[in-house]
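What follows is the residue order along each chain.
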Number of protein chains: 2
Amino acid sequence: MDPKGHERKVYFDKKMGELQKLLLQMGGLVEESIARAVQSLKEQDLELAEAVCRDDDNIDDLESKIEEGCLTFIATQQPMAKDLRKISTLFKMVTNLERMADNAVNISQVTCRIGREPLIKPLVDIPRMTQITQRMVKDALDSYIQEDVGLAVQTIDMDDEVDQLNAQVFRELLTIMMENPRTITQATYLILVSRYLERIADHATNIAEEVIFLVTGEKHSRQ
Amino acid sequence: MDPKGHERKVYFDKKMGELQKLLLQMGGLVEESIARAVQSLKEQDLELAEAVCRDDDNIDDLESKIEEGCLTFIATQQPMAKDLRKISTLFKMVTNLERMADNAVNISQVTCRIGREPLIKPLVDIPRMTQITQRMVKDALDSYIQEDVGLAVQTIDMDDEVDQLNAQVFRELLTIMMENPRTITQATYLILVSRYLERIADHATNIAEEVIFLVTGEKHSRQ
């Protein structure tokens, strides 16, 4: 590699490192937001739910900051081929992360709606979905940083489990509603929560698919 | 402007024109997909629902094609400042469009689930939401092409109407379920359909917000 090419590479890696650090910071906040949203629902903690909604601004700010960073980087460094693809993937990932955070806010809004009445049943599957989903978010980001296709595939595989739990929650809550129509309002809201989690897992899956495309150049086909 | 600058500008406009043509083509397919999904539900047309799911591949293909076009354009032309922002906005918009199409697929999947039993009530608010949502998609894309902030603001304003209709559908269906628990399954699915439409409108709102940011440099704050 010629000296100028080497210099460019060092600069590229340094800048990418900075952007990736911000990405992981944003990912950490999103994971936390998901966990707190479901905790607020489980423990009927309205204050925590409101905090999740409030703190969403920090995530939005980070999104803007990372996007700006990507664009400035592209404009000033004019990266080619793989490097450009690496940045454009990051650019798309933050959109996915921001949507996940919006879904966490939606869950918190459900807490605000139904958090004053006793839960119709202890939440089991929803916290389980949350755990898997959080893991998927973390692994999807790590698979990007490490360009680890195996980890990306694992992330996508976990999505099946989330889909199954979502279907199970749906069936179970329908049964509860039919047996006791007084549960209808709350059960419907819980079905929405389960959908929001499933949607978050979908966003993590999108990221993992982008990573596979970035590394292999092949589109991952969903089952 | 120096002659070389002029040449670049002509080339930029030509390429942007091509990408925008693809964008409008994709937008047209997405609008059609939303309309057909809701029509399949309203008329309980399972074949149409299946066609919506099948045709989603064409939308995904266009998404890839536009993204590739944007990246190649950036790599070869190295546009700066406003031009780069114009392309990166387009790059983000196709993600939003693709998600809208996914929501249309979700609606069609509901048709496949409940399309064999008579509807518990004629659909009125849902088709109304659909009309507004389709209009929002069209206007959001036009606001980008024409860089029309007024039209973007109008698009965002329409989102309030969709939110209100969504809340109304939710309340109405909860009441129907409580009065007649045999409607629970279908009513729950219809609540999801209403959410999918609301989500599509949110994506159109996101696009309109991006347009405002592109043109004015200011973030539009949601009410």
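The rules behind these values
- Residues numbered from 1 in each chain as written.
- Chains lettered and ligands numbered in written order.
- Predicted model: local features only at pLDDT ≥ 70, side-chain atom pairs only at ≥ 80, totals over all residues.
- Helix = DSSP H or I, 4+ residues; strand = E, 2+ residues; numbered from the N terminus.
- Buried ≥ 20, exposed ≤ 12 C-beta atoms within 10 Å, placed from the backbone.
- Contact = placed C-beta atoms within 7 Å.
- Axes fitted to C-alpha atoms, helices over the stretch in contact; angles between N-to-C directions.
- Parallel < 35°, antiparallel > 145°, perpendicular 65-115°, else oblique.
- Left-handed = near helix turned anticlockwise from the far one by under 90°.
- Nonpolar A, V, L, I, M, F, W, Y, C, P; charged D, E, K, R; others polar.
- pLDDT = per-residue confidence, 0-100.
- Least-squares fit on C-alpha atoms with pLDDT ≥ 70 in both.
- Core = buried A, V, L, I, M, F, W, Y, C linked by C-beta atoms within 7 Å.
- Expected span 1.5 Å × (residues − 1).

Asks: An account of the overall build of chain A is needed here, citing residue identities and associated values.
Replies: When helices and strands are counted, chain A shows six helices and zero strands. The linear arrangement of helices and strands in chain A, starting from the amino end, is α-α-α-α-α-α. Taken along the three principal axes of its C-alpha coordinates, chain A extends 75 × 35 × 20 Å. Taking all 223 residues of chain A together, 39% fall into the buried category. Across chain A, every contact between residues at least 6 apart in sequence was considered, and the portion connecting residues at least 24 apart equals 81%.

Asks: Which residues make up the packing of helix α2 (residues 46-77) of chain B against helix α3 (residues 81-114) of chain B, and what values do they have?
Replies: In a packed pair of helices, the relevant descriptors are the angle between the two axes and the axis-to-axis distance. Residue and element names in this part refer to chain B. Remark: α2 packs on α3, axes separated minimally by 9 Å, with the N-to-C direction vectors making an angle of 170°. Judged by the inter-axis angle, α2 sits roughly antiparallel to α3. Viewed along their axes, α2 and α3 form a crossing whose handedness is left-handed. Grouping the constituent residues of the contact of α2 with α3 by class yields 18 nonpolar, two polar and five charged.

Asks: Requested: an account of the confidence of the model for chain A, with residues and values cited.
Replies: Note: predicted coordinates in regions of low pLDDT should not be interpreted at a detailed level. Looking at chain A as a whole, the pLDDT averages 92, with 98% of positions reaching at least 70. If you check the scores for this complex, the pTM reads 0.90 and the ipTM reads 0.85.

Asks: So what's going on with unusual backbone geometry? Residues and values would help.
Replies: Residues and elements named next belong to chain B. Not every positive phi belongs to a glycine, and Q44 is a case in point at roughly 50°. Structurally, Q44 can be placed in the loop between α1 (3-42) and α2. Positive phi outside glycine occurs at E147, with the angle close to 45°. Judged by local crowding, E147 falls into the partly exposed class, with 14 C-beta atoms found within 10 Å.

Asks: I'd like to hear about the interface of chain A and chain B, residue by residue, with values.
Replies: Between chain A and chain B, the contact holds 20 residues from the first and 20 residues from the second. When residues of the side of chain A that touches chain B are traced back to their parent elements, those giving at least two are α2 (46-77), α3 (81-114), α5 (149-179) and α6 (184-216) of chain A. Among the elements that make up the side of chain A that touches chain B, the one with the highest residue count is α3 of chain A (six residues). In terms of residue class, the side of chain A that touches chain B is made up of 12 nonpolar, five polar and three charged.

Asks: For the relation of the copies chain A and chain B, give the residues involved together with the corresponding values.
Replies: When chain A is fitted onto chain B, the two copies agree to an RMSD of 0.0 Å after a turn of 180° and an axial shift of 0.0 Å. The relationship between the two copies is best expressed as a two-fold rotation axis. Interface overlap between copies is the fraction of interface residues in one copy that are interface residues in the other; for chain A against chain B it reaches 95%, indicating a shared surface.

Asks: Give a description of the nonpolar core that names residues and reports values.
Replies: Formed by 111 residues in total, the largest nonpolar core has its most connected members in V193 of chain A together with V193 of chain B. Excluding residues that lie within four positions of it along the chain, V193 of chain A makes contacts with L41, I107, V110 and I126 of chain A.

Asks: Before we move on, could you go through helix α1 (residues 3-42) of chain A and cite the residues and values that matter?
Replies: Residues and elements named next belong to chain A. The first and last C-alpha atoms of α1 sit 58 Å apart over 40 residues, in line with the 58 Å expected at 1.5 Å per residue. Every buried residue of α1 is accounted for by L23, M26, G27, V30, E31, S33, I34, A37, V38, S40 and L41. Buried residues belonging to α1 abut α2, α3, α4 (125-145) and α6.

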